[in-house]
Amino acid sequence: TTTTTTTTTTAMVKISPYAVATVLALATNVDAFVGPSPSVLSGSTKLQMSAYPSSADDILWTPSIKTGERDDLLGPMTKYCEDLYSVTRRKTRTVTCGPIQFGSDHPIVRQTMATTDTANVDASIEQIMRCADKGFDLIRITVQGKREANAAAKIREGLFKKGYDIPLCADMHFQPVVAQLVADAVEKIRINPGNFADGRKDFEEKVYESEADYVKEREYLVEAMLPLVQKCKDLNRCMRIGTNHGSLSSRVLSYYGDTPRGMVESALEFADICRSQDYHNFVFSMKASNPLVMVQSYRLLASEMYRLDWDYPLHLGVTEAGEGEDGRMKSAVGIGTLLADGLGDTVRVSLTEDPEFEYEPCNRLSEMAEGRLAATNPEAAARQSAVKKYVDTRDITTYSRRVGTLPTKKEGEKVDVEQFLNPNGSVISYISPKMLSEGNAPYLYKELGFKTAVGMPFKDIATSDSVFMRELPATDDSNARTALRRMMEVGTGVIVPAEELKENPLENAVALVSLTEAVKSNGEIPEGAIRLAVEIDGSEDDDTIAKVKDLDPVMIFIAIDEELSQLHASRRIFEILKTNEINVPAIHHYKSSVADSNDLALELGTKIGSLLTDGNGDGILIEQVGETNFSVEFLRNTGFSLLQGCRMRNTKTEFVSCPSCGRTLFDLQETTAKITEATGHLPGVTVAVMGCIVNGPGEMADADFGYVGTLPGKVDLYYGKEVVRKNIPNDDAVESLVELIKEYGMWKEKEVEEEVEEAVAA
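Residues numbered from 1 in each chain as written. Predicted model: local features only at pLDDT ≥ 70, side-chain atom pairs only at ≥ 80, totals over all residues. Heavy atoms only, no water.

Our focus in this paragraph is the sheet that holds strand E22 (residues 686-690). Taking strand neighbours across the sheet as the criterion, the 5 strands line up as E21-E22-E23-E24-E25 in an open arrangement whose pairing is mixed. If you trace the sheet from one side to the other, it starts and ends with strand E21 (654-657) and strand E25 (722-729), each paired once. Taken pair by pair, the neighbouring strands of this sheet meet at an average axis angle of 20 degrees, ignoring direction. Bridge analysis of E22 against strand E23 (residues 705-711) gives 4 bridges, and the strand direction is parallel. When the sheet's bridge partners are listed, Val689 is paired in E23 with Tyr707. (Pairing = 2+ DSSP bridges. Helix = DSSP H or I, 4+ residues; strand = E, 2+ residues; numbered from the N terminus. Axes fitted to C-alpha atoms, helices over the stretch in contact; angles between N-to-C directions.)

Encoded structure:
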């Protein structure tokens, strides 16, 4: 989808007419470039800005949500996506950004952000070219002041001269005047409503007695914003109104709280200013480091746009997602969930890695989304239409998790079934008989996350809650059977297909039966089995699924038939369970043939995360199929990462780590690695690692502790939103962070892992 042309030794460089016009102007005056007129770019007639409102009193603002005026005038919100039962892109207008276009009539735009110091023009040009060569369609750069604005003009000119017309976006905070300056040079301006003009970050409680008290402060927003709107309209520049959960203004926080509603209302105010000038070349974003907040905010915004009859495109991203599989997982949970409902026109995956490495996950998420569209993919359309009819009653304005009722131990049972699942979300691991062969059991215990004492396993914080086996070891394999018995004795469920248990009995195993067969047999289980589990594939009729209530299984496996849309078939199952007040824990049984760990994280985050973000699901079972060779330990950790990314169960430290940019005041990747090594063993603790404080203390909204660059070579440490230690040298800062965590009573020492060899000897 990239429009960028790159140079080779054999191909002639092609540059768009837009680029030619712009580079000529840049060559004339780099520091104060005036771009081509709108007539050059669009052929439209330029309107005089004086014909439009010039004060807050003159602007037609979106009716108030607080007073109920919006509901009275426009009616209630009725939808948030085009179609609840098939994947259809939300219809949007086309927004132009230099040579590329955003919107539902165009491919999803892939973008990233440069990490170089913008003032270093040569380094920035080189990195941007690498990103363009990788396949990105747009690059964002930081612009802190006039120096960087002038550098942005030189970067733009240098890229054109090298044959690259990839558009640039200036990332603006606090500097309305500088935003006007840089608009001369780049194709897009990103503004943050939380600090562009409304940036006071004192977090002092201010009580607004009425709506009038709140809105009377809009005048200074208008004064700051109107000149930029005029500039962008005159030059046909694009704008992103990019709200961030961590940087809502004190004014918005005081009135709406730290909420998705506050994020949406903040963005709507700035959009009203743009619309008052008949300027519509903008997109929205609603970013948060918490995927649940992010998903709810975008859905709420989309729903508001439907009832306002607005059609602006959406830029999707989970901010400060982190690195590695965890960063990709968290991004996929948020971005993938929205794309699965047809929301989103441009994507950025924010990783604490070099920007080039963001392309693969960004592109893969976009490809998966485009592959699900019913309008252009007959196979996807067939799977979606094959799902039996149901009524989707999800409330997208709030998050409420369906929590399955855990089984209770019955009189006479020899194992504790209450521990087979976890109330905060369960991970079930697939294992095979050969993993239990003589000498292998101690290694399997470690892979499953057990601690051992004198060779005996016991559960830890991130131990698999249960295991699933398609085949059992032979009845005369005493070593394998002993290993299974020891796991069951400490509360680990062993789930086995009923047909296998009939041929190869295992006392106290859970018998897995298809729901259809379970209904026929009235829930009968093989001799020796302790409980029933049922598997639902989505092909069953409503009445059959409703009979789960009578069968009283210990859990449900949701393993969707390949001929059905996993998303919609699963949603239907949960609707039937809700209607019939069936509270049996539901485990998503996901079968994967991917061989790349990053791809697995993206798949899981998109396909299962899109269900967990709606509160639908009590756990995950990942089963490999085909020639893949992920270890049991890796798949277990991946399952726990999914649950943590969906804010269900914390089994390790949560890191909110910014992806780095030109403002970063230390080596973010190296520092993040050090902090992870020092503090990564603290489940329930959240640490924010921020290269700068551009968005204010609000960036620590989701964190217990903050590690923030403030001056070159210096770091401030935060507890919540309060700075508690200032100007700590970089070399001492990680150790100081550890001491701070200890000071607040949230530290524990790392456990020394017992060597497997010792366990074998025992």
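That covers the picture; the talk isn't over yet.
This part takes up the pattern of salt bridges. Enumeration over the complete set of coordinates arrives at 46 salt bridges. In this structure, Lys414 engages Glu507 in a salt bridge whose closest nitrogen and oxygen atoms are separated by 3.2 Å. Here Lys414 is found in the loop between helix H14 (378-385) and strand E11 (426-430), whereas its partner Glu507 is found in the loop between helix H17 (498-503) and strand E16 (510-514), with 93 residues between them in sequence. Residues participating in the shared-partner salt-bridge network are Arg70, Asp71, Arg261, Glu265, Glu304 and Arg307. (Salt bridge = Lys/Arg side-chain N within 4 Å of Asp/Glu carboxyl O.)

Tallied over the full model, the rule gives 17 aromatic pairs. A centroid spacing of 5.0 Å and a plane angle of 85 degrees characterise the contact between Tyr85 and Tyr390, whose relative ring orientation is edge-to-face. In this pair, Tyr85 sits in the loop between helix H3 (69-74) and strand E1 (95-97) while Tyr390 sits in the loop between H14 and E11, placing the two residues 305 residues apart along the sequence. With a centroid separation of 5.8 Å and an interplanar angle of 75 degrees, the aromatic rings of Phe468 and Phe557 are classed as edge-to-face. Of this pair, Phe468 sits in strand E14 (residues 466-468) while Phe557 sits in strand E18 (residues 555-558), and the two are 89 residues apart along the sequence. Each member of the pair, Phe468 together with Phe557, is buried. (Phe/Tyr/Trp six-rings, centres within 6.5 Å; stacked < 30°, edge-to-face > 60°. Buried < 20%, exposed > 50% of the residue type's maximum accessible area, 1.4 Å probe, protein only.)

We now examine the side chain of Thr118. Relative to the elements of secondary structure, Thr118 occurs in the loop between strand E3 (109-113) and helix H4 (121-134). With residues up to four places along the chain from it excluded, the contact list for Thr118 reads Ser124, Ile141, Thr142, Glu148, Ala151, Ala152 and Ile155. (Contact = heavy atoms within 4.5 Å.)

Our focus in this paragraph is the layout of surface pockets. Roughly 780 Å³ of internal volume is contained in the second largest pocket. Taken together, the elements giving at least two residues each to the lining of the second largest pocket come down to helix H13 (359-372), H14, helix H21 (566-579), strand E19 (586-592) and helix H22 (597-607). Residues that form the lining of the second largest pocket fall into these classes: 9 nonpolar, 8 polar and 8 charged. (1 Å grid on protein atoms, 1.4 Å probe; cavity = no way out; pocket = protein on both sides within 12 Å on 5 of 7 lines; lining within 4 Å. Points joined across faces, edges and corners; volume = space filled by probe spheres on them. Nonpolar A, V, L, I, M, F, W, Y, C, P; charged D, E, K, R; others polar.)

We now examine the packing of H13 against H22. At a minimum axis separation of 11 Å, H13 and H22 run at an interaxial angle of 45 degrees. Taken together, the axis directions place H13 and H22 in an arrangement best described as oblique. Here H13 runs over H22; the crossing is right-handed. Between H13 and H22, the residues in contact are Pro361, Arg364, Leu365, Met368 and Arg372 and Asp599, Leu602, Glu603, Thr606 and Lys607, respectively. Split into classes, the residues belonging to the contact of H13 with H22 amount to 4 nonpolar, 1 polar and 5 charged. (Parallel < 35°, antiparallel > 145°, perpendicular 65-115°, else oblique. Left-handed = near helix turned anticlockwise from the far one by under 90°.)

Turning our eyes to something else, we now look at the environment of Arg251. Here Arg251 shows up in helix H9 (residues 250-256). Overall, Arg251 belongs to the buried group, its relative accessible area being 2%. Between the alpha carbons of Arg251 and Tyr208 there is a distance of 9.5 Å; along the sequence they are 43 residues apart.

This part is about the environment of Cys81. By the secondary structure assignment, Cys81 is in the loop between H3 and E1. Separated by 221 residues in the primary sequence, Cys81 and Ala302 have C-alpha atoms spaced 7.2 Å apart. Among all residues touching Cys81, those that are not within four sequence positions of it are Tyr306, Asp341 and Leu343.

This part covers the packing of helix H12 (residues 324-340) against H22. The interhelical angle for the contact between H12 and H22, taken along N-to-C directions, is 30 degrees, at an axis separation of 7 Å. Relative to H22, the element H12 is oriented roughly parallel. As H12 packs across H22, the resulting crossing turns out to be right-handed. For the pair H12 and H22, the contacting residues are Glu325, Arg328, Met329, Ala332, Val333 and Gly336 in the first and Ser597, Asn598, Ala601, Leu602, Leu604, Gly605 and Thr606 in the second. In terms of residue class, the contact of H12 with H22 is made up of 6 nonpolar, 5 polar and 2 charged.

Once that is clear, we can look at the sheet that holds E14. Spatially, E11-E14-E15-E16-E17-E18-E19-E20 is the arrangement adopted by the 8 strands of the closed barrel, whose pairing is parallel. Each strand axis lies, on average, 30 degrees off the axis of its neighbour in the sheet, ignoring direction.

Relative to the 24 Å expected for 17 residues at 1.5 Å per residue, helix H8 (residues 219-235) spans 25 Å between its end C-alpha atoms, a close match to the ideal helical length. Of all bends in H8, the biggest is about 35 degrees, found at Met225, and the proline Pro227 comes one to four residues later. Where H8 is concerned, the buried positions are Leu221, Val222, Ala224, Met225, Leu226, Leu228, Val229, Cys232, Lys233, Asp234 and Leu235. At the C-terminal side of H8, Asn236 shows a positive phi close to 55 degrees. (Expected span 1.5 Å × (residues − 1). Bend = angle between axes of the 7 residues up to and from the residue.)

What follows deals with empty space enclosed by the protein. Under the definition given, this model contains 9 cavities of 30 Å³ or more. Space inside the second largest cavity adds up to approximately 70 Å³. Taken together, 13 residues make up the lining of the second largest cavity; nearest its centre are Arg70, Arg218, Tyr256, Glu265 and Glu269. Those elements giving two or more residues to the lining of the second largest cavity turn out to be helix H7 (211-215) and helix H10 (260-276). If you tally residues by element for the lining of the second largest cavity, the top one is H10, at 4 residues. Looking at the lining of the second largest cavity, its residues break down into 5 nonpolar, 2 polar and 6 charged.

Any segment with low pLDDT has predicted coordinates that should not be analysed in fine detail. For the protein, per-residue confidence averages 87 on the pLDDT scale, and residues scoring 70 or more make up 88% of the total. When the criterion is pLDDT under 50, residues 1-49 qualifies, and its contacts beyond four places in sequence or with other chains add up to 83 contacts. Residue range residues 199-203 is modelled with pLDDT below 50. Its contacts to residues more than four positions away, or to other chains, number 22 contacts. (pLDDT = per-residue confidence, 0-100.)

Moving on, we come to H13. The terminal C-alpha atoms of H13, which comprises 14 residues, lie 20 Å apart, in line with the 20 Å expected from a rise of 1.5 Å per residue. When we look at burial in H13, the residues that qualify are Tyr359, Pro361, Cys362, Asn363, Leu365, Ser366, Met368, Ala369 and Arg372.

Most of strand E8 (residues 282-287) is tucked away: 6 of the 6 residues are buried. Side chains Phe282, Phe284 and Met286 project from E8 onto one buried face, and the interleaved Val283, Ser285 and Lys287 project onto a second face that is buried too. Across 6 bridges, the pairing between strand E7 (residues 238-244) and E8 is parallel. Paired with Arg240 across the bridge in E8 is Val283.

Our next topic: the side chain of Ser86. Counting through the fold element by element, Ser86 comes out in the loop between H3 and E1. Of the residues examined, Ser86 reaches a relative accessible area of 16% and is grouped as buried. Polar side-chain contacts of Ser86 include one of 3.0 Å to the side chain of Asp83. (Polar contact = N/O pair within 3.5 Å; in protein donor to acceptor, adjacent residues only side chain to side chain.)

So, on to the nonpolar core. Among the nonpolar cores identified, the biggest contains 96 residues, and Ile189, Met239, Ile241 and Phe284 are the most heavily contacted of them. Setting aside chain neighbours within four positions, we find Met239 in contact with Lys188, Ile189, Ile191, Met225, Leu228, Val229, Cys232, Cys274, Tyr279, Asn281, Phe282 and Val283. In terms of nonpolar packing, the next biggest core, distinct from the first, is built from 63 residues, Tyr445, Leu515, Ile530 and Leu532 among them. (Core = buried A, V, L, I, M, F, W, Y, C linked by side-chain atoms within 4.5 Å.)

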